Amino acid sequence: MKKILVFALVALCAFSLFANGAKEASGSDQIKAVLLTDQTGIDDKSFNAAAWRGILSFYGDNGAGRGTLYENITAQSTDEYIPNLKNAAEGDWDLIITTGFTWGDALNEVAAMYPDQNFIIVDVDYLTDRDNLIQYIYEEEQGSYLVGIAAAMQAKKDGIENPKFGFIGGVPGATITKFEIGYFEGIKSIYPNAEFVDYYANDWGKPELAKAMAKNWYDSGVYCIFSAAGGTGGGTIAQAKEYRMAGKNVWAIGVDSDQYEDGLYGTNGESAVLTSMIKKVENSTFDALTKTKDGTWKGGVVTQNLANEGVGYSKANPALSQEAIEAADKAVKGILDGSIVIDKTYKAALAKGLVPAGLSAIDD
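Residues numbered from 1 in each chain as written. Predicted model: local features only at pLDDT ≥ 70, side-chain atom pairs only at ≥ 80, totals over all residues. Heavy atoms only, no water.

Asks: Any chance you could explain the environment of Pro83 here in plain terms?
Replies: Mapped onto the elements of the fold, Pro83 is located in helix 3 (residues 81-89). With 27 residues separating them in the primary sequence, Pro83 and Val110 have C-alpha atoms 9.3 Å apart. (Helix = DSSP H or I, 4+ residues; strand = E, 2+ residues; numbered from the N terminus.)

Asks: How should I be thinking about the pairing of strand 8 (residues 222-228) in this particular structure?
Replies: The side chains of a regular strand alternate between the sheet's two faces. Burial within strand 8 is extensive, with 7 of its 7 residues counted as buried. Direction of pairing for strand 6 (residues 164-169) relative to strand 8: parallel, over a ladder of 6 bridges. Paired with Ile168 across the bridge in strand 8 is Ser227. Note: strand 8 against strand 9 (residues 251-256), 3 bridges, orientation parallel. Pairing of Cys224 across the sheet is with Trp251, part of strand 9. Between the parallel pair strand 8 and strand 9, the chain is carried across by helix 8 (residues 234-245), and the sense of this crossover is right-handed. (Buried < 20%, exposed > 50% of the residue type's maximum accessible area, 1.4 Å probe, protein only. Pairing = 2+ DSSP bridges. Right-handed = clockwise from strand over helix to strand, strands pointing away.)

Asks: Help me understand the sheet that holds strand 8 in this model?
Replies: Hydrogen bonds along the backbone pair up the strands of a sheet, which may run parallel or antiparallel. Reading across the sheet, the 6 strands line up as 7-6-8-9-12-14 and stay open at both edges, with mixed pairing between neighbours. Of all strands in the sheet, those bounded by a partner on one side alone are strand 7 (195-200) and strand 14 (311-313). Between one strand and the next, the sheet's axes are offset by a mean angle of 15°, whatever the strand orientation. (Axes fitted to C-alpha atoms, helices over the stretch in contact; angles between N-to-C directions.)

Asks: What's the story with the packing of aromatic side chains in this structure? I'm lost.
Replies: In this description, an aromatic ring pair is defined by two values, namely the gap between the centres and the angle between the planes. For the structure on display, the rule yields 15 aromatic pairs. Look at Phe165 and Tyr191: their rings are 6.5 Å apart centre to centre, the planes differ by 45°, and that puts the pair in the tilted class. Here Phe165, found in strand 6, pairs with Tyr191, found in the loop between helix 6 (174-188) and strand 7; they are 26 residues apart in sequence, far enough to count as distant. Take Phe165: its relative accessible area is 0%, and that puts it in the buried class. (Phe/Tyr/Trp six-rings, centres within 6.5 Å; stacked < 30°, edge-to-face > 60°.)

Asks: Sorry, what's going on with the environment of Lys164 here?
Replies: Looking at the secondary structure, you find Lys164 in strand 6. Classification of Lys164 by relative accessible area gives partly exposed; the value is 28%. Along the sequence, Lys164 and Tyr218 sit 54 residues apart, while their C-alpha atoms lie 9.3 Å from each other. In this view, Lys164 contacts Glu195, Ser220, Gly221, Val222, Tyr223 and Cys224; residues no more than four positions away in its chain are not counted. Here the side chain of Lys164 touches Ser220 through a polar contact of 3.4 Å, landing on its backbone oxygen. (Contact = heavy atoms within 4.5 Å. Polar contact = N/O pair within 3.5 Å; in protein donor to acceptor, adjacent residues only side chain to side chain.)

Structure, rendered in structure tokens:
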């Protein structure tokens, strides 16, 4: 009887080891993460899409683990932010990821309620300092300065003496202001007397608003429009495509992700997206997932910028002139060595006379 019992125990241990080995091989013991976004979801081809790329890169399974290891949950309105956060915190997720400053207040409240749950947020650095929260911010003004220089140099190459430039934002706030100010200051470094216009759609997911404004601006002589508006910015690209196909010399500038392909038209690789301000949100999601898995998690603020390749600009469009590229690359060196300093607020840029009064940008 003892021999039988020993044999049974050995068999049970062997089965347990096998089961554990199978679990490890299948990847089911990996950490689990959920990405909470606004209504534009991961198909915005911009900000949220970049966050999702970081998740896919970390798991390396081309989406096979969606629904088990990771998932995206969209909120149709801000009223759903707190319920979605609470539901996620009550679930089986090791990491809860939120993207965008509009999640700030909701996350600050919920993170306090679940001290053992790890959270991250992108574009916020002012929440209560907690061990369970990492806040990732970007120096968007740096990348935006580069695309401003590129747009201005392209206009100069085209022989335009007094070009006009536009900026379309999504929801106004300090983060989007950094995009706008950087862009305008880059242009000002080439065209000191350049004319600017701006507009905020107050929404991340209404491309029709950006398209209508872009049409008005292009018709009034605006040469290039930079949109930092999530899915709303797709309307700018759509209008620029229509007009370039009709032979008009106008441009759109993409944001967050490289939106060159979104601007493609014709058969020879032409794109209405001259360049894109690259904001590598995927770096944040990948970093947070790595820290969660490795046990190196530490709450606090993490800054992404040119120095750590968190921001940049795209050279994908063959139409982007060599002069524009050389000028932007020279500016990269200047930013890194400190000889070029870019303002982060409308108030500071306005005091220096680098932007006009009456813009819609806000610093709060």
